Amino acid sequence: MSNKHEERATMIAAGDLQEFVPFGRDYCRHHPNALNLQLRELQPASELWSSDGAAGLVGSFQEVTIHEKQKESWQLRKGVSDVGEVDYDEELYVAGNVVIWSKGSKSQASTVYKAFTVDSPVLQALWCDFTIPQEKCGKDDLSDSNEMVEKCICILQSSCINVHSIEGKDFVAALPFQVANVWPTKYGLLFERSSSSHEVPPSPPREPLPTMFSMLHPLDEITPLICKSGGVFPPAGVQYVSDYTLRVVFLNAEPSIMMTYDTVQSLHTIWALRRVKPEEQNAVLKFSQQVGTPQHLATSSSLTAHLRSLSKGESPVASPFQNYSSIHSQSRSGSSPSVHSRSPSISNMAALSRSHSPALGVHSFSGVQRFNFSSNTQSPKRQNISHSPNNTSNDSFIVPETESIVPELCIDHLWTETIMNVREKNSQASKVFITTDLCGQKFLCFLVDSQLQLRCVKFQESNDKSQLIFGSVTSIQAKDAAPVEGIDTLLVLEGSGNLVLYTGVVRVGKVFIPGLPAPSLTMSNQMPRPSTPLDSVSTPSKPLNKHLAPLDEGVLLSPVPELRDSSKLHESSYIDDCTFQQLGTFIHSVRDPVHNRVTLELSNNTTVRIAIPEIATSELVKRCLQGIKSILPKEIAVQMLVKWYNAYNAPGGPSYHSEWNLFVTCLMNMMGYNTDRLAWTRNLDFEGSLSPVIAPKKARPSEIGSDEDWEYLLNSDYHRNFESHPLAGALGLGPLEISTLKEDFLHSLSLDSSTLLFTHIPAIFFVLHLIYEELKLNSLMGEGIRSLVFLLVQLARDLELEAYIDYYYRDYPALVKTSRQACIIEQVQTGFMHHPSFFSAEPPSIFQWLSSCLRGEGVQPYPYLPGICERSKLVVLSVALYILGDERAVSNEASQYLYRISSGQRKPTEQDDRRCSVTQSTSVSNLAEKLVIWMTNVGFTLRDLESLPFGVALPIRDAIYRCREQPASDWPEAVCLLIGRQDLSKQAREGNLPKSKSSVSQVLSSDVPSGAEAEEEDDGMNDMNQEVMSLIWSEDLRVQEVRRLLQSAHPVRVNVVQMPEVSDHEYIEEKENRLLQLCQRTMALPVGRGMFTLFSYHPIPTEPLPIPKLNLTGRAPPRNTTVDLNSGNIDVPPNMACWASFHNGVAAGLKIAPTSQIDSAWIVYNKPKNADLANEYAGFLMALGLNGHLTKLATLNIHDYLTKGHEMTSIGLLLGVSAAKLGTMDMAITRLLSIHIPALLPPTSTELDVPHNVQVAAVIGIGLVYQGTAHRHTAEVLLAEIGRPPGPEMEYCTDRESYSLASGLALGMVCLGHGSNLIGMSDLNVPEQLYQYMVGGHRRFQAGMHRERHKSPSYQIKEGDTINVDVTCPGATLALAMIYLKTNNRSIADWLRAPDTMYLLDFVKPEFLLLRTLARCLILWDDILPDSKWVDSNVPQIIRENSISRQATELPSSEDLNLETLAQARVYIIAGACLSLGFRFAGSENIAAFNCLYKFAKDFMKCLSILPTASITGHYNLETCLSVVLLSLAMVMAGSGNLKVLQLCRFMHKKTGGEMNYGFHLAHHMALGLLFLGGGRYSLSTSDSSIAALLCALYPHFPVHSTDNRYHLQALRHLYVLAAEPRLLVPVDVDTNTPCYALLEVTFKGTQWYEETTEEMMAPTLLPELHLLKQIRVKGPRYWELLIDLSKGMHHLKSILSKDGVLYVKLRAGQLSYKEDPKGWRSLLAQTVTHRNSEARAFKPEAISAFTSDPALLSFADYFCKPTVNMDQKQEILDLFSSILYECVTQENPEMLPTYIAIDQAVRRLERREMSETFELFQIRLVLEFFNSRSHQDKMGRNPSRGLFMNSEFLPVMKCTVDNTLDQWLQAGGDVSLRSYLSGQPAEESQSSMLACFLVYYAVAAPGQLAAGGLEGSTSFSELLLKFRQLKMPVHTLLRLAPLLLGNPESMVW
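Parameters at a glance
- Residues numbered from 1 in each chain as written.
- Predicted model: local features only at pLDDT ≥ 70, side-chain atom pairs only at ≥ 80, totals over all residues.
- Heavy atoms only, no water.
- Helix = DSSP H or I, 4+ residues; strand = E, 2+ residues; numbered from the N terminus.
- Buried < 20%, exposed > 50% of the residue type's maximum accessible area, 1.4 Å probe, protein only.
- Contact = heavy atoms within 4.5 Å.
- Pairing = 2+ DSSP bridges.
- Phe/Tyr/Trp six-rings, centres within 6.5 Å; stacked < 30°, edge-to-face > 60°.
- Disulfide = S-S within 2.5 Å.
- Axes fitted to C-alpha atoms, helices over the stretch in contact; angles between N-to-C directions.
- Parallel < 35°, antiparallel > 145°, perpendicular 65-115°, else oblique.
- Left-handed = near helix turned anticlockwise from the far one by under 90°.
- Nonpolar A, V, L, I, M, F, W, Y, C, P; charged D, E, K, R; others polar.
- Expected span 1.5 Å × (residues − 1).
- Patch = residues over 30% accessible without salt bridge, like charges linked within 9 Å, V, L, I, M, F, W, Y side chains within 5 Å.
- Areas by Shrake-Rupley, 256 points an atom, 1.4 Å probe, with all protein chains shown as cover.
- Salt bridge = Lys/Arg side-chain N within 4 Å of Asp/Glu carboxyl O.
- Polar contact = N/O pair within 3.5 Å; in protein donor to acceptor, adjacent residues only side chain to side chain.
- pLDDT = per-residue confidence, 0-100.

**Q** Any details on the overall build of the chain? Residues and values, ideally.
**A** A tally of helices and strands in the chain yields 73 helices and 48 strands. With 1950 residues in all, the chain has 55% of them scored as buried. Here the contacts in the chain between residues at least 6 apart in sequence split such that 70% fall between residues at least 24 apart.

**Q** Explain the pairing of strand β8 (residues 147-156) residue by residue, including any values.
**A** Each regular strand carries side chains that alternate between the two faces of the sheet. Strand direction decides the pairing type here: strand β7 (residues 124-133) and β8, joined by ten bridges, are antiparallel. When the sheet's bridge partners are listed, C128 is paired in β8 with C152. Here β8 pairs with strand β9 (residues 160-165) via five bridges, running antiparallel. Residue pairing across strands places I155 opposite N162, the latter belonging to β9. As consecutive antiparallel partners, β8 and β9 are separated by three residues.

**Q** Describe the packing of aromatic side chains, naming the residues involved and giving the relevant values.
**A** Under the definition given, this model contains 39 aromatic pairs. Taken together, a centroid distance of 5.5 Å and an interplanar angle of 85° make the contact between Y772 and Y808 edge-to-face. Within this pair, whereas Y772 is found in helix α23 (residues 761-776), its partner Y808 is found in helix α25 (residues 802-811), the two being separated by 36 residues in sequence. Judged on exposure class, the residue Y772 and its partner Y808 are both buried.

**Q** I'd like a description of the state of the cysteines, backed by residues and values.
**A** In the structure shown here, the tally under the stated rule is zero disulfides. As a non-bridged cysteine, C410 has C227 as the owner of its nearest cysteine sulfur, 6.9 Å distant. Its relative accessible area of 0% is what places C410 among the buried residues.

**Q** Could you give an account of the packing of helix α47 (residues 1296-1310) against helix α49 (residues 1365-1379), with specific residues and numbers?
**A** Orientation of α47 relative to α49, taken along the N-to-C sense of each, is 15°, at an axis distance of 7 Å. With respect to α49, the axis of α47 lies roughly parallel. Considering how the two elements wind past one another, α47 and α49 form a crossing that is right-handed. Contacts from R1296, E1297, S1300, L1301, G1304, L1305, L1307, G1308 and M1309 in α47 reach D1366, V1367, T1368, P1370, G1371, L1374, A1375, M1378 and I1379 in α49. Residue composition of the contact of α47 with α49, grouped by class: ten nonpolar, five polar and three charged.

**Q** For the sheet that holds strand β44 (residues 1653-1659), give the residues involved together with the corresponding values.
**A** The strand order across the open sheet built from four strands is β44-β43-β46-β47, with neighbouring strands paired in antiparallel fashion. The outermost strands of the open sheet, each flanked by one partner alone, are β44 and β47 (1682-1685). Ignoring which end each strand starts from, the neighbouring axes of this sheet average 20° apart. In the sheet, strand β46 (residues 1669-1674) pairs with β47 via four bridges, with the strands oriented antiparallel. Residue pairing for β47: Q1671 is matched across the bridge by D1685.

**Q** Residue-level account of helix α45 (residues 1252-1265), with values.
**A** Over its 14 residues, α45 extends 20 Å from the first C-alpha to the last, a length consistent with the 20 Å expected when each residue adds 1.5 Å. Along α45, 14 of the 14 residues are buried, which leaves the element largely enclosed by surrounding structure.

**Q** Run through the pairing of strand β17 (residues 246-252), naming residues and quoting values.
**A** Burial analysis of β17 places six of its seven residues in the buried class, which makes it a mostly covered element. Here β17 runs beside strand β18 (residues 257-262); their pairing, made up of six bridges, is antiparallel. Its bridge partner lying in β18, N252 is registered against I257. With antiparallel pairing between neighbouring strands as the criterion, β17 and β18 make up a hairpin whose turn holds four residues.

**Q** Quick rundown of the sheet that holds strand β22 (residues 442-448)? Include the residues and the values.
**A** The four strands lie next to each other as β21-β22-β23-β24, forming an open sheet whose pairing is antiparallel. What marks the edges here is a single partner per strand, and that holds for β21 (429-436) and β24 (468-477). Taken pair by pair, the neighbouring strands of this sheet meet at an average axis angle of 20°, ignoring direction.

**Q** Lay out a nonpolar patch on the surface in plain terms, naming residues and giving numbers.
**A** Taken together, the side chains of F1917, L1921, V1931 and L1942 present a nonpolar region at the surface, about 310 Å² in accessible area. Within the fold, L1921 resides in helix α72 (residues 1917-1927).

**Q** Report on unusual backbone geometry, specifying residues and quantitative values.
**A** Residue P255 follows E254 across a cis peptide bond; omega there is -10°. Here P255 shows up in the loop between β17 and β18. In this model, A1659 is joined to P1660 through a cis peptide bond whose omega is 5°. Along the polypeptide, P1660 turns up in the loop between β44 and β45 (1661-1662). Not every positive phi belongs to a glycine, and N1135 is a case in point at roughly 50°. Positive phi is not limited to glycine here, since N1325 has a value of about 50°. Along the chain, N1325 turns up in the loop between α47 and α48 (1326-1335). Note on N1325: relative accessible area 34%, which makes it partly exposed.

**Q** Hey, could you go over α49 for me, with residue numbers and the actual values?
**A** Given a rise of 1.5 Å per residue, 15 residues ought to cover 21 Å, and the 20 Å separating the end C-alpha atoms of α49 matches this to within 8%. For α49, a buried count of 13 out of 15 residues is recorded, marking the element as mostly surrounded by other parts of the structure.

**Q** For the side chain of S1713, give the residues involved together with the corresponding values.
**A** With respect to the secondary-structure elements, S1713 resides in the loop between β48 (1702-1705) and α63 (1724-1730). S1713 gets classed as buried once you look at its relative accessible area, which sits at 11%. Engagement of the side chain of S1713 in a polar contact is seen with the side chain of E1716, the distance being 3.1 Å.

**Q** Can you tell me about the confidence of the model for the chain, naming the residues and giving the values?
**A** Across the chain, the average pLDDT comes to 75, with 72% of residues at 70 or higher. Across the chain, element-level confidence peaks in helix α60 (residues 1558-1571) with a mean pLDDT of 96 and bottoms out in helix α8 (residues 365-370) with 32. In the model, residues 231-235 has pLDDT below 50 throughout and makes two contacts with residues more than four positions away in sequence or in other chains. Low pLDDT (under 50) marks residues 906-924, which in the prediction has 37 contacts with non-local residues, meaning those over four places away or in another chain.

Next comes the structure, spelled out in structure tokens:
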């Protein structure tokens, strides 16, 4: 065929031409800033870069002056959306100072996503993704990946770069040099330093400065790029990229490569860009620091210094004034470095603060002055150093001062283009892109303007995927080009102005753009006269009109100023241009390709956007093309696709409907068929229109007419339409006869063997057959399958494949007629055909393969096409796994069940016919689980399952059904969705959400209080979750009672009766004194309230936290007059309420849940305006630390608060920050705390006046930050601080006890539980020193740096050199307890034993006995037993023997016993033992411990009531002990709200007179708070750190009055928060989303005290401590079972508990919740129906709603199960549907409903003999085979009760009906056609459908196989039976075939 015809034939029509205007331009015009921007008519600048960053802004902005016309540029990229595949464009538009980012698509108008305005002109704007390694982004979220991608937009200005991330962060980084260009890379940004033209290599041999730099994150330093090369450079082969002749022309992220252009050698080079390896970093740094050569040294440091000096705020511009003015003249906007959050001078600091490396900060400014040279001038000093080798002092000075900046990215050389003979100077690529051709080969293309060439380099990955290999270069003549990614092609604009489509380097065809004149048509006419297509037949493909005189260059200048050098253009293109100039518009460049859309710039300054059409739109054609492509050699595949593309996209292309017909015609032509001659292809209707002209024109083989054209016209539908048209009759046009001669000739058509695909026909046929099999697995593709069968039958017939024809006949008896014309392929031609190795004579059938598996026969691997037959692969592997029980099937890719097919394959090694049997080793549920999890991993969803045919889907549904019964709790969301457990999938979804976003908090958030409640003032307890609490405590109103006891916002009732003799004035005083007493209680309440409301509230970020006011007034009945303390009648202690309001603030702050979203700004925003509330704010800050939010507070703000010098704020802040950084050894916090502890400061430092309480808080803070780390220095200091002596000038004299205690507690925390393994501290003798502090003795001489401090003794306090035990004992005792906690170390414990002689007892304060007993018990943790005998065993014998009896009349036996001492010692020891019992069983609700403690509490209360006893022991002591026991009780019952303890607390609440002081109230209300910890959601933990926290919080010495901090700092009472852990499990019904009751079965692990046991609990309930548990199960029968296995790990359960403990549960069908039906009687009614009995028939569709809430099922019941008026439906069908529905719902598998109905419909169709396809029968056969399969029988044997279809008579009935129908057909004459089929004769048409049904259903082998099996000659039934075994046909088939084969038709009736 001649070239000109080819040229004409292949025109490609481009779609939807639209005028294109960048959206940003329009937007800018209307932007309020438009006046300043002076936007005139903007010209598209031709140097702008295209979407993939092809060519940079070639430095053109450097010459711009302000007044010049505004430049604009834009780039487009494919929109990345989270929601599905929405195809849209994103545009980034830059003009002046404005950057506009917009999104829009064809269907949706563009909208602005973000607009940025900056101060100086924008040089460049780009998208860039930064990857952040996880540790950098603050708190570790629950994401598994160790890198997060931050999507950002970067805006480059002359002095800085702004980075804005999508999340809303913005950064400004100052630039240390002038940047020529920025490129986004896979890792971050790459900068090119602009090398000014006069930067000549310096005369001294000095290394030039690097030219390329990278920045991996906006906060990182800008570091130079290094380059790894062969062996040319220094030994390491690694050096900085400092060659200023290299220009980057292209950078790509995937694969990560970059292309550079060498301006000297004029060569392009490709490099791989990657992260630096550590050894390369070292090599570069070593190389640059070789001290031997001063030059090198100077150079590296000069680079560093240069960068450093610049980043410290010196401008790269030479004049300092200019720099100064430039910074300060800028206005307020984001880019100005001085105004913005980080000025250049801080940039190093920012890098510092993140790297925590103090060494970096040492640079003094001297460095800057020394090396301060700008980029243009060198400093004289610098040269001086590098030239004087003897100047050693200078050298040694440089080294420490400037460390080199560590490089982060490296480039490896990959390829350089070959040097051509004639190099042109300016051949830099103006555009570079990567494109893929239709067969997946990749090319890197670069456009060299000056040569008008597009050079394409082919590249591919090496086999090990480690590197890229570049191949040969192909050049295409081009003026411009752009990739069309959507369809793997590229558009080339030829010099002649034609747009041509290429794929790779293969030309596809010209693009015809409707609406633009096609240049090629008018090329040949010198005069632009109107021309018709026919005139231009002689168009040559490249017209070079030599006879046109070369025109003057001046005429040729385009109106658009071009950067391209016009003198380099070829002559031919001048002429083309010239012709065009006369003609009008032509295409001038191509830009902004996105997916398949591209913008054309026309010569008349307009731009239009066109879409290049897709390769195919119909799913079927896409599949076939993909399959054929995968099997052909690449070159042929490309040619085939090119031909198809041209045929499909010719101008006036086909409609969707006829795409397949066009494909068939095109394909068969390529195979050598003459489709015009073939009857069925000839009649394929292309258009359905009345115009016969277009269709043949598309693929017209030649221009000359022929007779066949006439034939074609006569045969066309158009002709037929005309013949039948009434007009034809009227005109008397007779019908034209088609010559019959041709008809005979048509029967023997031959193929043309020279065509492209002829040799590949068998391979293509086989691939199409596999696609046919694949489509069978998608019930939505029925239409496509029918179309495909026609093609397959034709090919099978021509290849003479009988087995295949038979196979298609069985599938589609109606379509496959016997008389179809065949084309003869001659023997000689057959020899040319390439029969691939994978071609099998037996047609592969996926259904047949499944059937063999189910019947337990051996199976051959099933052939599949990777990437195309994915469903086949999925079905094969899932059956192999589930039915054959082979777990390896899904583990490795190369499975033995599949056989991959690809082009150029060798003959496979024959696999033996393996018989697969079910392996019994693994449990069935395991297989089902594996299957379901694997299917989810490969992306299989419920929608896919629904489109699988029902027989194939059945095994998968069965597995799903089994998994649904007992799923694991930690499966991912997708798995749970697949198995239909919404409860689990919702749980999994919540688990993946960040805590703040989960809907859990909405489920459990309480309702807004009702009107009445809202009006009363806030008591701080309104936000409790009423719904859950009312489930936990449903019988009574204890929660309201607690609220009443703990509220402190309302005035108290002051009830004093006025005696007659009391004057009014005295009466008022009396009332106020009474109020003062009551206020002691009110002030103690907030601590308890904080416990009650712990973590119950999510604050609104826009509102301050409501803090209820502390109300210290009273109301006196009967007149309700107000009583106030401020009246001046009585003396009120000063500052009485300051600690109370601190506690009030803490209580309010602790309401905030740790999962809330709070930021630094909100914390500061809460700061109160008036100073009175400062104490509350201090408490609020401490609370934020305890719930972990204080880490978000900016360091600057912390500093602000501490400088205020407000004591309370400092205490709250220090404790809060430390608690938030528990155990982290955080350096910054350590520094912060050390400032407040003189002992941690160097001895010479100035003495800071730190208030005592702040010191105490700081010491505890150190303990918290270093908790459990056994940090030596800290421990040493704290040990000394326990015994810190009072200083000479009365410093450290007041409240020494609390400081010593704090040091002891802190020391205990630091060495928590380390016991004797204190590594490296043996010389400190910690235990001995503590023992001495505890019992007293000589003070040791203090070593260490603080010797100086304590040189002179105090002038006021005479302690001598003995230790003051009263001060040091408590701290030392508790320190010992914590260091040896739970170690069961007897020797230390014996030190703590209570003394057992009177003499020794007199030496110890009774209170210290409490601490010693507590400490001893905590060390001997495992000895603690919950009974009173054990408690008494702690009391020494002497005390027990002499304990005073109830009647204190008897005198003691011995005179020298001091009764009082003994009595006090006894109560304190018992209290200590009780407290240790509380610690041991904290949060366990242990009954024995509760009873024991309750008994002692009652005892103490009795003692208090008996006066004589009370007076001996002392009221105060008894009250203290009672409070301690009450706290112990509350610890054991924490969170449980136990009534007995509540009653005790209420009783103590009422006692307000006498001995009851502030401290006791504090203790009682703390007990009440612990009892209802977090509203019943929290409990206490007994981990080491929890016990340490509780020891601080519950220290058993209570303050006497509200400002008393002498023995123990009150703020520490709140540290209980660190011991609280969420342990409430709340079942939430997934359908109604409300909390409900559910039965749990909790299994405990065995321990030394008890065996493994199981308990039932009704949730919502507090779980025991998790480490004690083995598993938790939600028990049936009402809810779906659910197992949380803790042996696999606790993180799943922990995350559930941390999110309010919500556990989603799902009611089973027919069950009611426990709330509606506590005893389960109401669902009994449902039970009787569920167990199958006669009532099922009488099932009323209305009752369905009792079983399910699924809307689909309810409407099914409405529409299909209820008779309607005009419906003539038989009642029988309604009944059937009702019972099917009933069965599905009660068996809990509603998804089987469609299967039931499909089976029923198929059987009915068979009965009516209307089966035109046999698919459904095959499916029914598969279903029956599944239930008879061995694997299924085994599964049922294990679990007989449940399963799909199990207890239903549906299947047997259906099977029976099918059998009967087919038997009747046989009797009614079917046997005749069956016999003729078996003998190979054609059967009669009328019977063919039923015959096919019979063959499929009974799995009759093909006639060829039967003949081969030698069945015909058999004489007896037994002989047949043997032969049948070999053919693997079922016995019931044999029974039906035997009479025919034995020739005895009478025995047909069975």
